[in-house]
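In case you want the letters, here they are:
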Amino acid sequence: MEQPKLSVILLSGELEKLQAGCLVSSVASMSGMEVNVFVTMEALKAFRKDVISAREFKTAGEVGREMLNKNVDLFYQLLENAKDMGNLKVYGCAMAMDLMEWKKEDLIDIFDDVIGVTAFLGKAAGSQVIVM
Amino acid sequence: MSEVNITKTIDARGSYCPGPLMELVKAIKRGQIGDVYELLSSDNGSAKDVPEWVNKMGHELVYCREDGDFWRIAVKKTK
C-alpha cells in the first residue's frame with residue numbers, strides 16, 4: 001500500500017499557526033504518513049537563525065505568549081524531532097528567499113531544499129493539504 | 001491484573017503535546033519486538049492520543065490509567 005501523504009503549507013509568521021502546522025506535521029509523520037512541509041511568506045522568517053535565537057516570534061494572543069513562557073517544544077523543534085523519526089521533509093520557498101535576498105545559511109539547518117511552487121506541487125500531488 | 005514486565009519507563013511529565021507521544025515513538029522505534037514501554041504523562045491529551053496512535057500503528061496497549069495527577073500508559077511493541 002502506498003504511504004498516505006500530507007502536505008502542510010506554512011504561510012503565517014504567527015507562533016500559534018506555526019505551532020499548529022508543525023504539530024500536525026510531526027504527529028502525521030510519527031503515524032506513518034509521508035509529510036512535505038512548504039514554508040513561505042512570513043512563516044519563512046520565523047525559521048531564520050537570528051529570529052529563533054532571539055525568540056522574536058509574533059504571537060496572535062495569550063496562547064502563543066504562554067507557549068513562550070512555558071517549556072514547550074516550539075514548531076522548529078517539533079519538525080527536527082519528526083525528521084529523526086519519520087518521513088518528513090521541509091522545503092523553503094525560492095520566491096520568498098529571492099525576494100528577501102536570504103540565503104539557505106540564514107535559515108536553521110532543517111530545510112531539505114529551497115524549491116518553487118511547481119516542484120512542491122509535484123511532491124504534494126494526491127495528498128491531503130493543510131494551509132496555516 | 002496480571003504482572004507486566006516493563007522494559008523501560010519514560011517520564012515525560014511536564015512535557016506538552018505532542019512531547020510525550022514523541023518520547024514514546026522514539027523508544028518504540030529503537031526497541032525490540034515484545035518490549036513494553038510505560039509512558040508517564042501529565043498531559044491529559046496523551047490518555048486519548050497515545051491509545052489512538054497505538055491502535056493506528058498496530059502495537060498493543062497494555063494499560064492506560066490515571067495515577068494521581070498524571071497518566072501511566074504502557075505499550076507493547078508488536079512489530
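Within each chain, residue numbers correspond to sequence positions counted from 1 in written order. Each chain takes a letter, starting from A, and each ligand takes a number, starting from 1, following the order in which they are written. Selection of residues for local features in this predicted model requires a pLDDT of at least 70, selection of side-chain atom pairs for listing and counting requires 80 or more, and totals for whole chains, interfaces and linings are taken over all residues. Side-chain figures throughout are based on the complete set of non-hydrogen atoms in the structure, without hydrogens or water.

The name given to chain B in an unreviewed UniProt entry is Sulfurtransferase TusA, and the organism recorded there is Moorella mulderi DSM 14980. UniProt positions are given in the numbering used here, feature names are shortened, and annotations may be inferred rather than shown by experiment. Its UniProt record gives chain B a comment under Sequence similarities (unreviewed entry), which states: "Belongs to the sulfur carrier protein TusA family."

The name that an unreviewed UniProt entry assigns to chain A is DsrE/DsrF-like family protein, with the source organism given as Moorella mulderi DSM 14980.

Runs of E in the DSSP output that reach at least two residues are strands. Runs of H or I that reach at least four are helices, and both are numbered from the N terminus. Across its full length, chain A holds seven helices and five strands. Counting from the amino terminus, helix and strand elements in chain A follow one another as β-α-β-α-α-α-α-β-α-β-α-β. Overall, chain A is about 45 × 35 × 25 Å in size when its C-alpha atoms are taken along their principal axes. Taking all 132 residues of chain A together, 47% fall into the buried category. Every residue pair with non-hydrogen atoms within 4.5 Å of one another is taken to be in contact. At a minimum sequence separation of 6, the contacts of chain A that also span at least 24 residues come to 74%. Surface accessibility follows the Shrake-Rupley procedure with a 1.4 Å probe radius. Residue values consider only the protein chains on display as shielding. For chain A, the computed accessible surface area is about 6,600 Å², with 51% contributed by carbon and sulfur atoms. We treat Lys and Arg as the positive residues and Asp and Glu as the negative residues; His and chain ends play no part in the count. Think of each charge as sitting on NZ of Lys, CZ of Arg, CG of Asp or CD of Glu. Side chains of chain A carry 14 positive and 19 negative charges; the gap between the two charge centres is 1 Å. Each residue is assigned to one of three classes by its accessible area relative to the maximum for its type, calculated with a 1.4 Å probe on protein chains only: buried under 20%, partly exposed between the two thresholds, exposed over 50%.

Another aspect to go through is helix H5 (residues 75–85) of chain A. Among all positions of H5 of chain A, only Phe75, Tyr76, Leu78, Leu79, Asn81, Ala82 and Met85 of chain A are buried. Lining the buried residues of H5 of chain A we find helix H1 (15–30), strand S2 (34–39), helix H3 (49–54) and strand S3 (88–93) of chain A together with helix H1 (19–30) of chain B.

In what follows, salt bridge is the name for a side-chain nitrogen of Lys or Arg lying within 4 Å of a carboxyl oxygen of Asp or Glu. As enumerated under the stated definition, the model contains nine salt bridges over all chains in all. For the salt bridge of aspartate 112 of chain A with lysine 83 of chain A, the shortest nitrogen-to-oxygen distance reads 2.7 Å. Separated by 29 residues along the polypeptide, aspartate 112 of chain A in the loop between helix H6 (94–100) and strand S4 (113–115) and lysine 83 of chain A in helix H5 bring together distant segments of the chain. Put simply, glutamate 23 of chain B and lysine 26 of chain B hold a salt bridge, and the shortest N to O gap is 3.9 Å. Linking glutamate 23 of chain B with lysine 26 of chain B, this pair stays in helix H1, spanning three residues, or about one helical turn. Relative accessible area serves as the criterion here: at 34%, glutamate 23 of chain B is assigned to the partly exposed category. The network of salt bridges with common partners includes Arg48, Asp50 and Asp106 of chain A.

The next thing to look at is the sheet that holds S4 of chain A. All names here are of chain A. In this scheme, strands are said to pair when DSSP sees at least two bridges between them. With parallel pairing, five strands are arranged side by side in an open sheet as S4-S3-S2-S1-S5. Because the sheet does not close on itself, it has two edges, and the strands there are S4 and strand S5 (128–131). Geometrically, the sheet is characterised by an average inter-axis angle of 25° between neighbouring strands, direction not taken into account. The strands that H1 touches are strand S1 (5–10), S2, S3 and S5; relative to S1, the one it contacts most, it runs at about 165°. In this fold helix H7 (residues 117–124) packs onto S1, S2, S3 and S4, with an angle of close to 150° to the strand it touches most, S1. Axes here refer to lines fitted to C-alpha atoms; in helices the fit is confined to the stretch in contact. Angles between the N-to-C directions go from 0 to 180 degrees.

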